[in-house]
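The lines below spell out each chain.
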Amino acid sequence: MVQSQQTPHIVQQRGEVQVRALMHRFGAGRPVLDNLDLTIRAGEFVALLGRSGSGKSTLLRMLAGLGQPTRGEVHVPSNKAVVFQESRLLPWMRVWQNVALATLPEGKADRTRAERLLGEVGLSHRTDAWPLTLSGGEAQRVALSRALVRDPDFIMLDEPFGALDALTRLQMQHLVLRLWARHACSILLVTHDVDEALLLADRVLVLQEGHIHMDVCIDIPRPRHHADPDFEALRTTLLNALGVFVD
Ligand SMILES: Nc1ncnc2c1ncn2[C@@H]1O[C@H](COP(=O)(O)OP(=O)(O)OP(=O)(O)O)[C@@H](O)[C@H]1O
C-alpha cells in the first residue's frame, strides 16, 4: 500500500515493507524520524530497539497507517495487523466475537475461523468468556488470534508482552515464534528488551536520532539460549549501542 506521494521506482514484493527517506515531526519541533530507510523482507522477523522517546511507536504508527509521515515513502502490505501492549478487546463482546469481528470486512463474522485461531493460542476453553475475566497473558493471546484471523502478510507487535510477568512473557515469546513459523508472515516487534529481541528476531535494529543506527543480523540457530557466547556478545553490542555500557 502506498501511503505517501509518488513512488514510481519501488517494486514491492508481497509481505515486504519498504520505507524510504522517512521524516516525521510533530508541530514545529525537531524531527522524531529523520531520513529513515528500512526494508523488512517477506517472512522476516525484525525487532526494533531504541531508547525511550527515540520514535519506535511513531515509526510503527506510520507503518500501521495510523499516522501520515511529514515526508518520505512508506510501503506496507495492505493485509496487516497490530498488537499493542494492552489487548484492546471490546469488553461487551465474548472472546470469540472479538476475534471474529476482525473477519467482518470480508463478510459475515467467521466463528469457526475465530475458534480455530483461539485453539492455536491455547484458548479453546475460553472462547465464550468475557474479556474482563481473562488474565493478562490470556488477553494478549486473544489479541494475537485477532491479529492473525485475516491471515496478514505483516504483523506489528508494539511491546506486546511489556505488561506481563516474566514467566508469561517467556511463554508468549515461544508462542509468537510458533505462530510466525506457521503463518509465515513478516513481523516487526518493538521492544525494550534486548534479550527478547535476540531470542526471537532474524534481525535487530536500533533506532537512534531518528534513523536506523544499527542493523544486526542474528544468525544464531533457534532455539536460542541466553548463555550462548554469541548471544552474550550480541547483547553487549546492542546494550552499548543503546548507551548502556557493559564491560
Ligand atoms: N502526538 C504527539 N505529539 C507530539 N509529540 C509526540 C507525539 N507522539 C510522540 N511524540 C514525541 O515523539 C517522540 C517519540 O515518541 P515515541 O512514542 O515514538 O517514542 P518511543 O521510542 O516509542 O518511546 P517509548 O519507548 O518510551 O514508548 C517523543 O519525544 C514523544 O514525546
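Residues numbered from 1 in each chain as written. Predicted model: local features only at pLDDT ≥ 70, side-chain atom pairs only at ≥ 80, totals over all residues.

Enquirer: Give me the site of the ligand: which residues, what numbers.
Expert: The immediate surroundings of the ligand are formed by Phe26, Val32, Gly50, Ser52, Gly53, Ser54, Gly55, Lys56, Ser57 and Thr58. It is helix H1 (residues 56–64) that provides the largest number of residues to the shell around the ligand, a total of three residues. Among the residues forming the shell around the ligand, the class breakdown is two nonpolar, seven polar and one charged. (Near = placed C-beta within 6 Å. Helix = DSSP H or I, 4+ residues; strand = E, 2+ residues; numbered from the N terminus. Nonpolar A, V, L, I, M, F, W, Y, C, P; charged D, E, K, R; others polar.)

Enquirer: Requested: an account of the packing of helix H4 (residues 136–148) against helix H5 (residues 166–183), with residues and values cited.
Expert: Put simply, H4 and H5 touch, their axes get as near as 11 Å, and they point 15° apart. With respect to their mutual orientation, H4 and H5 come out roughly parallel. Of the two elements, H4 crosses H5, and the hand of that crossing is right-handed. Contacts between H4 and H5 involve Gly136, Gly137, Gln140, Arg141, Leu144 and Leu148 on the former and, on the latter, Thr168, Gln171, Met172, Leu175, Leu179 and His183. Of the residues belonging to the contact of H4 with H5, the class tally is five nonpolar, six polar and one charged. (Axes fitted to C-alpha atoms, helices over the stretch in contact; angles between N-to-C directions. Parallel < 35°, antiparallel > 145°, perpendicular 65-115°, else oblique. Left-handed = near helix turned anticlockwise from the far one by under 90°. Contact = placed C-beta atoms within 7 Å.)

Enquirer: Explain the domain arrangement of the protein chain residue by residue, including any values.
Expert: Accessible area lost on assembly of the parts is the figure often given for the size of an interface. Examined at the domain level, the protein chain breaks down into domain 1 (11–79 + 154–213) and domain 2 (89–151). Here the C-alpha centre of domain 2 lies 24 Å away from the C-alpha centre of domain 1. Ranked by residue count, the leading element in the side of domain 1 that touches domain 2 is H5, at six residues. Here the residues of the side of domain 1 that touches domain 2 are counted per class, giving eight nonpolar, four polar and no charged. (Domains from an automatic or database assignment.)

Enquirer: I'd like to hear about H1, residue by residue, with values.
Expert: Here H1 lies mainly inside the structure; seven of its nine residues are buried. Residues of H1 that are buried: Lys56, Ser57, Thr58, Leu59, Leu60, Met62 and Leu63. Immediately downstream of H1, the backbone of Gly65 shows phi near 80°, a positive value. (Buried ≥ 20, exposed ≤ 12 C-beta atoms within 10 Å, placed from the backbone.)

Enquirer: Can you explain unusual backbone geometry? Please cite residues and give values.
Expert: In this model, Arg222 is joined to Pro223 through a cis peptide bond whose omega is 0°. For Pro223, the location among the structural elements is in the loop between strand E9 (211–217) and helix H7 (229–241). The phi dihedral of Asn35 falls on the positive side, at around 55°, and the residue is not glycine. Despite not being glycine, Ala184 shows a phi value in the positive range, around 50°. Structurally, Ala184 can be placed in the loop between H5 and strand E7 (186–190). With 11 C-beta atoms packed within 10 Å, Ala184 lands in the exposed category.

Enquirer: Go over the sheet that holds strand E4 (residues 71–75), please, and point to the residues and values.
Expert: Reading across the sheet, the three strands line up as E2-E1-E4 and stay open at both edges, with antiparallel pairing between neighbours. Strands with a single pairing partner mark the edges of an open sheet, and in this sheet they are strand E2 (33–40) and E4. Averaged over all adjacent pairs, the angle separating strand axes in this sheet is 15°, with direction ignored. Where strand E1 (residues 17–24) meets E2, five bridges bridge the pair, whose relative direction is antiparallel. Directly across from Gln18, in E2, lies its bridge partner Thr39. Contacting E1, E2 and E4, H1 runs over the sheet at an angle of about 125° to E1. (Pairing = 2+ DSSP bridges.)

Enquirer: Would you mind going over the nonpolar core in detail, with residue names and values included?
Expert: In terms of nonpolar packing, the biggest core is built from 66 residues, with Val99 and Leu188 touching the most fellow members. Two domains each provide a minimum of three residues to this core, namely domain 1 (11–79 + 154–213) and domain 2 (89–151). In contact with Val99, other than residues within four places in its own chain, are Ala114, Leu117, Leu118, Val142, Ser145, Arg146 and Val149. (Core = buried A, V, L, I, M, F, W, Y, C linked by C-beta atoms within 7 Å.)

Enquirer: Can you tell me about the pairing of strand E6 (residues 154–158), naming the residues and giving the values?
Expert: With five of its five residues buried, E6 lies for the most part within the structure. Along E6, one buried face is formed by Phe154, Met156 and Asp158 and the opposite face, lined by Ile155 and Leu157, is buried too. Note: strand E5 (residues 80–83) against E6, four bridges, orientation parallel. Paired with Val83 across the strands is Leu157, a residue of E6. The sheet contact formed by E6 and E7 spans five bridges and is parallel. Across the sheet, residue Leu157 finds its bridge partner in E7, namely Leu189. For the crossover from E6 across H5 to E7, the handedness is right-handed. (Right-handed = clockwise from strand over helix to strand, strands pointing away.)

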